[in-house]
Amino acid sequence: MSIKETLIKDLKEKKARVAILGLGYVGLPLAVVFGEAGFQVTGIDPDTRKIETINKGLSYVPDVQTEVVEKLVRSGHLTVTTDFSVLKDIDAVSICVPTPLRKTGDPDMSFILSATEELAKYMHKGMVIVLESTTYPGTTRELLLPKLGTEHGLTVGEDWFLAFSPERVDPGREDWTTINTPKVIGGITEACGEVAAACYEGAIRTVHRVSSAEAAEMAKLLENTFRMINIGLVNELAIMCERLGVDVWEVIDAAASKPFGFMKFTPGPGLGGHCIPIDPLYLSWKMKSFNYNARFIELASEINTNMPRYVVSRVMEALNDRGKALKGSKILILGAAYKADVDDVRESPALDVIGLLRNKGAVVEYHDPYIQHIHHEHEGWQMDSVEDMMTSVKEADMVVIITDHKAYDYADIVEAAQSVFDSRNATREFVKNSEKVVRL
Ligand SMILES: NC(=O)c1ccc[n+]([C@@H]2O[C@H](COP(=O)([O-])OP(=O)(O)OC[C@H]3O[C@@H](n4cnc5c(N)ncnc54)[C@H](O)[C@@H]3O)[C@@H](O)[C@H]2O)c1
């Protein structure tokens, strides 16, 4: 049998040993899905706290239940380590490391590069390697292929196999999770795609193959760019509606009553998280090397980036209408997470809103049921979530809803607050108190 046939057979029989590099919001759920499918999975992450937590049988990712981790660790289906040398005995590797932006707005490829360098030390024949981290088109072929194959004299598609398969997880979502969200896979060669598909088919229900790694990389960027641009559109719509004196939320609901040809997006205080604000900029960055300006991305990014400033200007106006200046006013921010019901504060607009309010002299506190502490790296401030939320609600000159967590009782909040600025339409049901509430 050829190396390819042996590997596909081992994958189908679940004898292949799987490793996940990076056990974060993406990697841990993936490790669990492979483990539950019957594979022996090794998770590798340099973060010792994560490794210790999993070894205690606990989960730190809200979408992954502790009982599931405990069961897999106990049965030996999931082992975790900081030691990359285990890769010498591994057949299939999925790379799920971060791909943030540098302060300059350029892609930060350092995590992909360091994971690739570690992998390169233990490369051997019969391996299939799949990059899952969102990145610019060409990364798999331009960065991983030379370091993992060419420099070791290994022929891709014969001795080893390389593919890109974007992770599409939506944290906090229960209907579509890692196991049932179709997996797009594109190989560096036809054989690479075939082996990578065999790997994921053993754990994930639907695999959608494309002809190249670049098509898979681009598909992920299309998905996230689509969201970013549509969010930019409704954010601008919110600004236009406010000028026109029209309720943007009513307009969106009306448009969404059309059963075809329209998809609902909602405005908010700005983009957040590890994906939507960042991924499209990987594409626009890459296109610059082709002397091409990705105009839709740049425009949507500009509108979305300005939303925290817009929210602060609206808060200032709302206070002014109540005879108060922002300077010296007590502001309570509700929700620091970048979206509802998650504990992830990365790129959250709450940080920008708080920074801008502080710079204008407001006395700012925040509350988030899932995030006890926040800090702003560049501005150098930090704060803890208030302990007694309702007391802070009563004392604040204005409560500003940034994240519409389901855990909040908005009726109680509106009842107790002096005034509320609602950037998410979380208070839509409390029309009786509407004089207290200003919406985006
Ligand atoms: N979080 C999401 O909702 C989401 C959704 C789809 C795609 N993605 C993409 O998936 C990738 C991972 O995102 P995430 O949210 O899981 O990030 P994360 O920060 O939660 O996890 C990444 C993990 O990788 C580890 N790591 C760093 N360097 C490493 C190395 N050299 N080797 C092994 N592990 C290393 C970190 O310690 C961390 O535990 C990113 O490219 C992201 O854009 C994320």
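These numbers were taken from a predicted model, which means no experiment stands behind them.

Draft legend 1. Quick peek at the pattern of salt bridges. Overall, the coordinates contain 23 salt bridges when judged by the stated rule. The partner of E223 in a salt bridge is R168, with the nearest N and O atoms 2.6 Å apart. Highlighted residues: E223 in helix α8 (residues 213-244) and R168 in the loop between β6 (160-164) and β7 (183-187), separated in sequence by 55 residues. Judged by relative accessible area, E223 falls into the partly exposed class, the value being 24%. The closest approach of N and O atoms between K324 and D397, which form a salt bridge, is 2.9 Å. Linking K324 in the loop between α11 (295-321) and β9 (330-334) with D397 in the loop between α13 (389-395) and β13 (398-401), this pair joins segments that are 73 residues apart in sequence. Since its relative accessible area comes to 28%, K324 is described here as partly exposed. The structure contains a network of salt bridges with shared partners spanning D170, R173, D175 and K339.

Draft legend 2. Layout of the packing of aromatic side chains. Going through the model one piece at a time under the given rule, you end up with five aromatic pairs. A ring pair is formed by Y136 and W285, whose centres lie 5.0 Å apart and whose planes are at 50 degrees; its orientation type is tilted. Within this pair, whereas Y136 is found in the loop between β5 (127-131) and α6 (139-148), its partner W285 is found in helix α10 (residues 279-288), the two being separated by 149 residues in sequence. W285 sits in the partly exposed class, given a relative accessible area of 31%.

Draft legend 3. Region of the structure containing the site of the ligand. Around the ligand, the structure places 28 residues, and the nearest of them are V26, D45, K50, T99 and S114. Within the side chain of R346, an N or O atom sits 3.0 Å from an oxygen atom of the ligand. Coverage of the ligand by the protein amounts to 92% of the 820 Å² it exposes when considered alone. At three residues, the largest contribution of residues to the shell around the ligand is made by helix α5 (residues 110-121).

Draft legend 4. Examining α11 more closely. Between its first and last C-alpha atoms α11 spans 38 Å; for 27 residues at 1.5 Å apiece the expected length is 39 Å, and the two agree. Of all the bends in α11, the greatest reaches close to 40 degrees and is centred on M307; the proline P308 follows between one and four positions later. Just downstream of α11, G323 is the residue with a positive phi angle, here 75 degrees.

Draft legend 5. Region of interest: the sheet that holds strand β2 (residues 40-44). With mixed pairing, the eight strands of this open sheet are ordered in space as β3-β2-β1-β4-β5-β6-β7-β8. Edge positions in the sheet fall to β3 (78-81) and β8 (207-210), since each has one partner strand and no second. Along the sheet, successive strands turn relative to each other by an average axial angle of 25 degrees, direction set aside. As judged from the four bridges shared by β2 and β3, these two strands associate in the parallel manner. Bridged to G43 within β3 is V80. In this fold α8 packs onto β6, β7 and β8, with an angle of close to 145 degrees to the strand it touches most, β7.

Draft legend 6. Geometry of the sheet that holds β9. In spatial order, the strands read β10-β9-β13-β14-β15; together these five strands make up an open sheet with parallel pairing. Looking at which strands have only one partner, the edges of the open sheet turn out to be β10 (363-367) and β15 (437-439). Between one strand axis and the next, the sheet turns by 20 degrees as a mean value, whatever way the strands run. In the sheet, β13 pairs with strand β14 (residues 420-422) via three bridges, with the strands oriented parallel. Opposite V399, over in β14, you have V420 as the bridge partner. Set on the sheet, α11 makes contact with β9, β13, β14 and β15; between it and β13 the angle comes to about 155 degrees.

Draft legend 7. Structural view of a nonpolar patch on the surface. Residues M240, L244, V246 and V251 make up a contiguous nonpolar surface patch of roughly 350 Å² in combined accessible area. Positionally, V246 belongs in the loop between α8 and α9 (248-256). Residue class for V246 comes out partly exposed when judged on its relative accessible area of 38%.

Draft legend 8. Structural detail: the packing of α8 against α9. Orientation of α8 relative to α9, taken along the N-to-C sense of each, is 130 degrees, at an axis distance of 9 Å. One finds that α8 runs oblique with respect to α9. On α9, the residues touching V234, L237, A238 and C241 of α8 are V248, V251 and I252. Class assignment for the residues of the contact of α8 with α9 results in seven nonpolar, no polar and no charged.

Draft legend 9. Region of the structure containing the side chain of S392. With respect to the helices and strands, S392 occurs in helix α13. Ignoring sequence-local partners within four residues, the contact set of S392 consists of L332, E365 and V386.

Draft legend 10. Representation of the nonpolar core. Among the nonpolar cores identified, the biggest contains 76 residues, and L11, F34, V93, I95 and I129 are the most heavily contacted of them. Of all the elements, helix α7 (residues 190-201) adds the most residues to this core, at eight residues. Contact partners of V93, with chain neighbours within four places excluded, come to A19, L21, L87, L119, M127, V128, I129 and V130. Of all hydrophobic cores here, the second largest spans 50 residues; its members include V248, I252, I276 and A300.

About the thresholds
Residues numbered from 1 in each chain as written. Predicted model: local features only at pLDDT ≥ 70, side-chain atom pairs only at ≥ 80, totals over all residues. Heavy atoms only, no water. Salt bridge = Lys/Arg side-chain N within 4 Å of Asp/Glu carboxyl O. Helix = DSSP H or I, 4+ residues; strand = E, 2+ residues; numbered from the N terminus. Buried < 20%, exposed > 50% of the residue type's maximum accessible area, 1.4 Å probe, protein only. Phe/Tyr/Trp six-rings, centres within 6.5 Å; stacked < 30°, edge-to-face > 60°. Near = heavy atom within 4 Å. Polar contact = N/O pair within 3.5 Å; in protein donor to acceptor, adjacent residues only side chain to side chain. Areas by Shrake-Rupley, 256 points an atom, 1.4 Å probe, with all protein chains shown as cover. Expected span 1.5 Å × (residues − 1). Bend = angle between axes of the 7 residues up to and from the residue. Pairing = 2+ DSSP bridges. Axes fitted to C-alpha atoms, helices over the stretch in contact; angles between N-to-C directions. Contact = heavy atoms within 4.5 Å. Patch = residues over 30% accessible without salt bridge, like charges linked within 9 Å, V, L, I, M, F, W, Y side chains within 5 Å. Parallel < 35°, antiparallel > 145°, perpendicular 65-115°, else oblique. Nonpolar A, V, L, I, M, F, W, Y, C, P; charged D, E, K, R; others polar. Core = buried A, V, L, I, M, F, W, Y, C linked by side-chain atoms within 4.5 Å.

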